[in-house]
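In case you want the letters, here they are:
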Amino acid sequence: MEDLRPKIQQYFIESDTDGRPFSRIHRNVIYQRAKKEEDTTPFGTQLNVYDNDYEWLNHSINALPFNAANYDPRVVIGGPACSQPYSASVLNISAMSYGALSKNAILALNQGAKIGNFAHNTGEGGLSDYHLNGGGDIIWQIGTGYFGCRTLDGNFDPESFQKKANLPQVKMIEIKLSQGAKPGHGGILPAAKVTEEIARIRLVELGQDVASPPYHRAFDTPLTLLTFIKQLRELSNGKPVGFKLCIGHRSEFIAICKAMVQTKIYPDFVTVDGGEGGTGAAPLEFSNHVGMPLRDALAFVYDALTGFDLKQYIKIIASGKIATGFDLVKNFALGADLCNSARGMMMALGCIQALECNTNRCPTGVATQDPNLVRGLVVEDKKTRVANYHKQTLKSAAELMAAAGIKHPDDIHRVYIHRRISPDRILTYLDSYPYIPKGSLLKKPYAKQFELLMTISDPSSFSPNFNNLNWEELEWARKPMTN
Ligand SMILES: Cc1cc2nc3c(=O)[nH]c(=O)nc-3n(C[C@H](O)[C@H](O)[C@H](O)COP(=O)(O)O)c2cc1C
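Since the model is a prediction, treat every value here as computed from it, not as a measurement.

Undergrad: Go over the overall build of the protein with me, naming the residues and quoting the values.
TA: Tallying secondary structure elements over the protein gives 16 helices and 15 strands in all. Across its three principal directions, the C-alpha atoms of the protein cover 65 × 60 × 50 Å. Classification of the 483 residues of the protein by burial places 48% in the buried group.

Put into structure tokens, the structure is as follows:
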């Protein structure tokens, strides 16, 4: 009965609006768009528009005609030190490794990305043949295990990095600092899962457990993180290099910004992953209670980069339960230049939210290595579904923006989105997250919400530093001494 419970719940009990993490109406719209079926809804909204957290977009009397909407806005990623900038779609496939996903899933995602002209992030498990043979644009992710670019004892290996980073399919490099579903956790790949193929792709030893530590060995301060970014950019001959993180201590991100100002080394992009983000497997407490949710994190990162006048060099990618046109638009409003989707893309592949990713028994062949199950995912069918889902979701976002009278995500403002916070109170994103002036973190006085962060952040250390503070200025933040 324990085993059947989730299935009975999903098929017989769950309403259209209460499925978790993705409700039935969200799953349905992804399936409809992937299959290019009718995706309109009859009879009006099923949402209770008086519930807390209900959100809506301001449309305009001056809406654009559909033929004036921009159905494939592109964003160029690459700051001043980048000589091979990448023109990206505003919706791409978020990091998911070969190993977490099946080879057929990776093939279908990559080939779908090729059809739709968007990018596919490898995840930290390295560049596999299934990524490289699909023809789609690749963002190569490098995690703490440095898979595919490591020495056998687990350190970063510039030589093997250089070889792969210069492959023409690799368009950008992403250093993974953390992900929303399990920030600060790391992981172990048990020896039993290290097949000959995995050992070859990841450059690890057969028959041995492989650790991904929760921290990086190639750098240990904001300044050395930037030196590492510079090194990767040079080794890849000027491709865009950025990092992905879920916001923990906000002062750490401020410390990285201070290091950028000091060194004039800038990442080309920052991927902000919300605490609501997905994973193949994570400890419950980490998924439920570690890491800042996307809305707050995205507004914070945009404001910090603007405050240090760095936004001009750096694009922001957002991820965390982004699956529909409205999800794209509201993240653009908060400050994202582009968005990534992981689970939305899995559903386009046929994932039914069976919640079996961590058991090797995924019934749809998406998140399993069992060859009998993997066989059921037919790449030829599913690559088209991935491309359809991408295209139809962008179409929805373009039509929403057209209804609001705008053509490009850059033109959206935080005031465009309203959110109900109680039965009779409504705030716009602008009320909740007021913009701070460009350059305002380069000199005092700082906006109140940044005062403490500016004081405890130090470019030569990730850790917040509470020593030597002027407690008279910051009396409100002082921790009372107990002895
Ligand atoms: C099966 C699976 C595997 C993932 N593997 C990685 C990974 O290797 N590296 C990473 O940074 N994030 C990984 N993620 C997280 C996603 O890239 C993304 O940050 C997160 O799921 C938010 O997107 P979503 O809400 O659209 O799923 C994984 C997610 C899933 C569902």
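Undergrad: Which residues make up the packing of helix α2 (residues 24-35) against helix α14 (residues 379-403), and what are the values?
TA: Two numbers describe how α2 lies on α14: the axes approach to 7 Å, and their chain directions differ by 110°. Classified by the interaxial angle, the pair formed by α2 and α14 is roughly perpendicular. The chirality of how α2 crosses α14 is right-handed. On α14, the residues touching Ile-30, Arg-33, Ala-34 and Lys-35 of α2 are Arg-385, Asn-388, Tyr-389, Gln-392 and Thr-393.

Undergrad: How would you explain the UniProt feature "domain: Glutamate synthase" (unreviewed entry) in the protein if you had to name every residue and give the values?
TA: Residues annotated by UniProt as "domain: Glutamate synthase" (unreviewed entry) correspond here to residues 88-406. The annotated region residues 88-406 carries 39% helix and 14% strand content, and the separation between its end C-alpha atoms amounts to 20 Å.

Undergrad: Describe unusual backbone geometry, naming the residues involved and giving the relevant values.
TA: Note on backbone geometry: most residues besides glycine have negative phi, and most peptide bonds are trans. Residue Pro-21 is reached from Arg-20 by a cis peptide bond, and omega for that bond is -10°. Mapping Pro-21 onto the fold places it in the loop between α1 (5-13) and α2. Going from Lys-444 to Pro-445, the amide bond is cis rather than trans, its omega being -5°. Note on placement: Pro-445 falls in the loop between α15 (429-432) and α16 (448-456). Of note, the phi angle at Asp-53 is positive, near 80°, even though the residue is not glycine. Position of Asp-53 relative to the elements: it lies in the loop between α2 and β1 (55-57). In this model, Asn-237 sits at a positive phi of 60°, which is unusual for a non-glycine residue. When you line up the elements, Asn-237 lands in the loop between α7 (222-235) and β10 (241-245).

Undergrad: Give a detailed account of the site of the ligand, specifying residues and quantitative values.
TA: If you check the shell around the ligand, you find 28 residues, and the closest are Ala-95, Gly-123, Gly-277, Gly-278 and Ala-342. In terms of residue class, the shell around the ligand is built from seven nonpolar, 15 polar and six charged.

Undergrad: Before we move on, could you go through the pairing of strand β12 (residues 315-319) and cite the residues and values that matter?
TA: Within β12, five of the five residues are buried, which leaves the element mostly enclosed by the surrounding structure. Residue alternation in β12 divides its side chains into two sets, Lys-315, Ile-317 and Ser-319 and Ile-316 and Ala-318, and both sets are buried. Note: β12 against strand β13 (residues 338-341), three bridges, orientation parallel. Across the sheet, the residue bridging to Ser-319 is Asn-340, located in β13.

Undergrad: Which residues make up the packing of helix α11 (residues 325-334) against α14, and what values do they have?
TA: Their axes nearest at 7 Å, the elements α11 and α14 cross at an angle of 55°. Judged by the inter-axis angle, α11 sits oblique to α14. The two elements α11 and α14 cross, and the hand of that crossing is right-handed. Contacts from Gly-325, Phe-326, Leu-328 and Val-329 in α11 reach Thr-393, Ser-396, Ala-397, Leu-400 and Met-401 in α14. Here the contact of α11 with α14 is built from residues that sort into six nonpolar, three polar and no charged.

Undergrad: Residues and numbers for the environment of Leu-47, please.
TA: Mapped onto the elements of the fold, Leu-47 is located in the loop between α2 and β1. A sequence separation of 31 residues divides Leu-47 from Asp-16, and the C-alpha atoms of the two residues are 9.5 Å apart. Ignoring sequence-local partners within four residues, the contact set of Leu-47 consists of Thr-17 and Tyr-54.

Undergrad: Run through the pairing of strand β11 (residues 269-273), naming residues and quoting values.
TA: With five of its five residues buried, β11 lies for the most part within the structure. As paired strands, β10 and β11 are joined by four bridges and run parallel to one another. In the strand pairing of β11, Gly-242 is matched with Phe-269. Of the crossover connections in this fold, the one passing from β10 over helix α8 (residues 250-263) to the parallel β11 is right-handed. Bridging between β11 and β12 involves five bridges; their strand directions are parallel.

Conventions used here
- Residues numbered from 1 in each chain as written.
- Predicted model: local features only at pLDDT ≥ 70, side-chain atom pairs only at ≥ 80, totals over all residues.
- Helix = DSSP H or I, 4+ residues; strand = E, 2+ residues; numbered from the N terminus.
- Buried ≥ 20, exposed ≤ 12 C-beta atoms within 10 Å, placed from the backbone.
- Axes fitted to C-alpha atoms, helices over the stretch in contact; angles between N-to-C directions.
- Parallel < 35°, antiparallel > 145°, perpendicular 65-115°, else oblique.
- Left-handed = near helix turned anticlockwise from the far one by under 90°.
- Contact = placed C-beta atoms within 7 Å.
- UniProt positions renumbered as here; feature names shortened; annotations may be inferred.
- Near = placed C-beta within 6 Å.
- Nonpolar A, V, L, I, M, F, W, Y, C, P; charged D, E, K, R; others polar.
- Pairing = 2+ DSSP bridges.
- Right-handed = clockwise from strand over helix to strand, strands pointing away.

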